[in-house]
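Now for the letters of each chain:
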Amino acid sequence: PRLLSQFFFADERVTRVVAEINGLDAELDPQQYLVLLNQLHLSQAHLLAVLERIMEECIPTQRHSRDYLVKFPEELMVDNLGNHMLFAAECLLAGTFLEMEESDGAQLRPQARNLLCSLELVRTVLREQSLSQPNSYPEPVRTVLIQFDRLFAEFELSYVSSLVAVKSPDEIYRQQEIIVLFCETVERALHLGYLTQEMIDGYEPLLMFTIPRLAIISGLLIYPEGPLSLERSPEEMSRVFSPFYNLLKKIRDLLRVLSAEELCLLERSLCTAE
């Protein structure tokens, strides 16, 4: 159950797989080379997972901020992002610039080198600690973990920023506005009886259609100064809604001529129609 013991065996597996790869002629046995590469990927992912748990236990209040993750596109937020960063650093250090311009890769190489050197130091220190006192984290161990955590975060932000356009503060704020709109829409729908708490607690599939439909009406009529405000230009709106700017104007104009009873009937129908 001791994390340092788990780290020792995870580290041993990585070392063993690397030794097998180094002793294999990839041209003579490409099939076995691919098998070993997959084993290396899995063993490194396990090693990083154990290391993450160690940092949470050892330096929970000294972790480097990961607030920048909200800037990343949603499709990048996967469980193995950390392992992908490690692989990217290894490729950069070897002079292979995957998915990016050579000039960008050259600028990132010093960061990749520092990260990988820091990881090797962490592995050495934690191995020694696991063999001597596996129940404690003395100051030298904490120091190398803090440094590795910082270098990893800095490389992750720099690498992803060189590949994709990260969200600006304005885009993040617009996204938060939409979240607030949806929350207020749900609260209003519960109050008016359009939805029930049981539907929400039970993850009723129909809600995937109902809530966005009601949110459009709420955003155009109930909260007209929110993220669906048509007083803004399309460029100032969230990218979720800006392509439909003209259509939203037509919907708003139609909604404005409805009586309160007609609006209620429309909203109720949107809660049941497919």
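Below is a summary of the structure that appears in this document. Because the structure is predicted, anything quoted here is derived from the model rather than measured. (Residues numbered from 1 in each chain as written. Predicted model: local features only at pLDDT ≥ 70, side-chain atom pairs only at ≥ 80, totals over all residues. Heavy atoms only, no water.)

1. A short note on the environment of Asp149
Filter applied, for reference: Helix and strand assignments follow DSSP, with helices taken as H or I runs no shorter than four residues and strands as E runs no shorter than two, numbered in order from the N terminus. Here a residue-residue contact requires only that any non-hydrogen atoms of the pair lie within 4.5 Å.
One can find Asp149 in helix 5 (residues 139–163). In this structure the C-alpha to C-alpha distance between Asp149 and Tyr159, which are 10 residues apart in sequence, comes to 15 Å. Setting aside chain neighbours within four positions, we find Asp149 in contact with Met55, Gln62, Arg63, His64 and Arg66.

2. Some words on the pattern of salt bridges
We count it as follows: We count a salt bridge whenever a side-chain nitrogen from Lys or Arg sits within 4 Å of a carboxyl oxygen from Asp or Glu. Remark: exposure states derive from per-residue accessible area (1.4 Å probe, protein chains only) relative to the maximum for the residue type, with buried under 20%, exposed over 50%, and partly exposed in between.
Tallied over the entire structure, the rule returns 12 salt bridges. Of the charged contacts in the structure, one is a salt bridge between Asp11 and Arg123, with a shortest N-O distance of 2.4 Å. Taken as a pair, Asp11 in helix 1 (residues 3–22) and Arg123 in helix 4 (residues 102–132) lie far apart in primary sequence, 112 residues in all. Accessibility assignment for this pair places Asp11 and Arg123 in one class, buried. Glu267 is the partner of Arg188 in a salt bridge, and the nearest nitrogen-oxygen pair spans 2.8 Å.

3. What about helix 9 (residues 245–256)?
Applicable threshold: The length a helix should cover is 1.5 Å for every residue beyond the first.
Over its 12 residues, helix 9 extends 17 Å from the first C-alpha to the last, a length consistent with the 16 Å expected when each residue adds 1.5 Å. For helix 9, the secondary structure elements touched by its buried residues are helix 8 (207–222) and helix 10 (260–270).

4. Concerning the layout of surface pockets
Selection criterion: Using a 1 Å grid laid over the protein atoms alone, points where a 1.4 Å probe fits but cannot get out form a cavity; open sets with protein on both sides within 12 Å along at least 5 of 7 lines form a pocket; any residue with an atom within 4 Å of a point counts as lining. Grid points are joined across faces, edges and corners, and a volume is the space filled by probe spheres set on the points. Polar here means any residue other than Ala, Val, Leu, Ile, Met, Phe, Trp, Tyr, Cys and Pro, which are nonpolar, and Asp, Glu, Lys and Arg, which are charged; Gly is therefore polar. Note: domain ranges come from an automatic or database domain assignment.
Approximately 430 Å³ is the volume attributed to the largest pocket. Lining the largest pocket are 21 residues, and of these Glu52, Leu81, Gly82, Phe152 and Glu156 sit closest to its centre. Elements represented by at least two residues in the lining of the largest pocket include exactly helix 2 (30–58), helix 3 (81–93) and helix 5. Sorting elements by how many residues they give to the lining of the largest pocket places helix 2 first, with seven residues. Of the residues in the lining of the largest pocket, the class split is 11 nonpolar, three polar and seven charged. When its volume is computed, the second largest pocket comes out at roughly 260 Å³. Looking at side-chain class alone, the lining of the second largest pocket contains six nonpolar, two polar and seven charged residues. Among the domains, domain 1 (3–163) and domain 2 (169–271) are the pair contributing at least three residues each to the lining of the second largest pocket.

5. Comments concerning the packing of helix 2 against helix 4
Under the convention used in this document: Orientation is described by axes fitted as lines to C-alpha atoms, over the contacting stretch for helices, and by angles from 0 to 180 degrees between their N-to-C directions. For classification purposes, angles smaller than 35 degrees are called roughly parallel, those larger than 145 roughly antiparallel, those between 65 and 115 roughly perpendicular, and all remaining angles oblique.
The contact between helix 2 and helix 4 brings their axes to 13 Å, and the two run at 70°. As far as their axial angle goes, helix 4 and helix 2 are roughly perpendicular. On helix 4, the residues that touch Leu47, Leu51 and Ile54 of helix 2 are Leu119, Val122, Arg123 and Leu126. Here the contact of helix 2 with helix 4 is composed, by residue class, of six nonpolar, no polar and one charged.

6. Some details on the environment of Ile59
Inspection of the secondary structure assignment puts Ile59 in the loop between helix 2 and helix 3. Its relative accessible area of 0% is what places Ile59 among the buried residues. The sequence separation of Ile59 and Asp104 amounts to 45 residues, and the corresponding C-alpha distance is 32 Å. Excluding residues that lie within four positions of it along the chain, Ile59 makes contacts with Ile54, Arg142, Leu145 and Ile146.

7. Comments concerning unusual backbone geometry
A positive phi angle, close to 55°, is found at Tyr203, a residue other than glycine. Secondary-structure assignment places Tyr203 in the loop between helix 7 (197–201) and helix 8.

8. Considering the packing of aromatic side chains
Ring pairs (aromatic) are described by centroid distance and by the angle formed between their planes. Put simply, the rule reads: Two aromatic rings from Phe, Tyr or Trp, using only the six-membered ring of Trp, form a pair when their centres are within 6.5 Å; if the ring planes differ by under 30 degrees the pair is stacked, by over 60 it is edge-to-face, and anything between is tilted.
This model, assessed by the stated rule, comprises four aromatic pairs. Judged by centre distance (5.4 Å) and plane angle (85°), the rings of Phe8 and Phe9 are edge-to-face. Residue Phe9 is classed as exposed on the basis of its relative accessible area, which comes to 59%. Measuring from centroid to centroid gives 5.6 Å for Tyr68 and Phe72, while their planes differ by 50°, and the two rings are tilted. Per residue, the accessibility class of Tyr68 equals that of Phe72, and both read buried.

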